[in-house]
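Fold and contact review
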Amino acid sequence: MQASERALHLCLFTYKQKTMRFAKKLAAFALLFAAFGFVACEQQELIEGEPVLNVSTNMVLANGTDEVVMKVTVEGIDVTEHAAFYLNEMPYGSNVFTTTTAGNQVLHAVYNNKRTNAIQVKAIDTKLYAALPADEKADQFEDFAHKVLLTQATGTWCGYCPYMIRAIEMFREEQANADKVVVVATHSGDNLSSKASEAAVKVCRVEGFPSSTFNLNYESMIQNNDPGLNAVNINSKASMELKEAARAGIAAASKTAGNKVSVRAAVKVGVIGAYRINAWLVEDGVTDVQSSYWPAFSNGNSSIIMEHDFVLRDASCIAPILGEMLGGKEECEAGEIIEFYHEFDAKAAGVENVANCKVVVYVSAQLEGSTRFAVNNVIECPAGGVVPFAYN
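The sections below set out a description of the structure shown in this document. The structure presented is a predicted model; accordingly, all values stated were derived computationally and were not measured. (Residues numbered from 1 in each chain as written. Predicted model: local features only at pLDDT ≥ 70, side-chain atom pairs only at ≥ 80, totals over all residues. Heavy atoms only, no water.)

It is worth spelling out the sheet that holds strand β15 (residues 248-257) at this point. In any sheet, the strands associate via hydrogen bonds between backbone groups, in a parallel or an antiparallel arrangement. Here four strands make up an open sheet; going across it, the order is β22-β16-β15-β25 and the pairing antiparallel. The open sheet has two edge strands, β22 (337-345) and β25 (386-387), and neither has a second partner. Sheet topology places β15 next to β25; two bridges connect them, and they run antiparallel. Paired with A253 across the bridge in β25 is V386. (Pairing = 2+ DSSP bridges. Helix = DSSP H or I, 4+ residues; strand = E, 2+ residues; numbered from the N terminus.)

Next up, the structure:
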């Protein structure tokens, strides 16, 4: 072979090698581009939905270490690492929120230029709240002591309401379930009514006065103008309501300082599910007039000056009156202990005597097969007192 031919073969061989190397690089680049395009397309699909912000809790201790963890999802897919977070409309550099400042804080996030829902988080100064009592069965998350809530829809203008007032007195004096029923008077249209009491009357779908309803569930209403019969009916209905086991236990501690009444509660979740929590400020011994169509009640007069007990003055959550989501969660796990804090301004609530106040704390649970909630367990704690977890 001539030297010129050898040179030509060498050139062709070199060209083929370079061409093969280039083809391999091109193929690799094409694969990389395709993979990048797939990811981009996949992310593009996520943008189609609206981003939703969830938080691990809606209450945080203002100690600089207690945390609220934020999570952003689109169509159920976690996109937290690609979201930007905001505190009170200002950029916040993390999805983990801590603070040393007490008060309400508002969190939201933005994902792909879309704003999420806003969530209010309450930062708690624990110095304002009393310590919870010891739990003698700290490891127990079942067989909780069970109480039911009875709301008495009433009004000082209502001439028939003394029949129900007396029925409740007879029930508390004579019936077996008296110590398992927490009574609250929800006044409507009079000097003792409040936004909270009007909300309770509304959720119970009260159309006639007087009436009494168990657990803020309009399907459990009692209406009758026979005090003795009503006392028996209340006891019988309470027995039926108590057959359902309490899914959560409640402990509470209250503290008073001037016109302020604070409550700290802990809830032990026994059954996985959706729960709400609310605290009511209730006052006994409030003097006011009462209309009466029952001569025996009012000494033959059409009205009487009397002391009204169980008067609902205020609520930590009015809309909805069944309470805020427990811990800010859509669903609570069995075995969780979730704390709750609230401070009432007794003067602003119209309270006459803080010493006559108590705080009613209830946990409501979602009714089976329904989106509605009803009270599942309740306790009443004297202002400045404590109530420990109780078990059967």
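Applying the stated criterion across every chain, the model contains nine aromatic pairs. Pairing Y92 with F97 gives two aromatic rings, centres 5.8 Å apart and planes at 65°, and the pair type is edge-to-face. For F97, a relative accessible area of 1% corresponds to the buried category. Cluster of aromatic residues (ring-pair linked, three or more members): Y160, Y163, Y293, W294 and F297. Of note, R205 hangs over the ring of Y218, and the distance from its end group to the ring centre comes to 3.8 Å. Between the NZ or CZ atom of K268 and the centre of the ring of F389, over which it lies, the distance is 5.3 Å. (Phe/Tyr/Trp six-rings, centres within 6.5 Å; stacked < 30°, edge-to-face > 60°. Buried < 20%, exposed > 50% of the residue type's maximum accessible area, 1.4 Å probe, protein only. Lys NZ or Arg CZ within 6 Å of the ring centre and 35° of its normal.)

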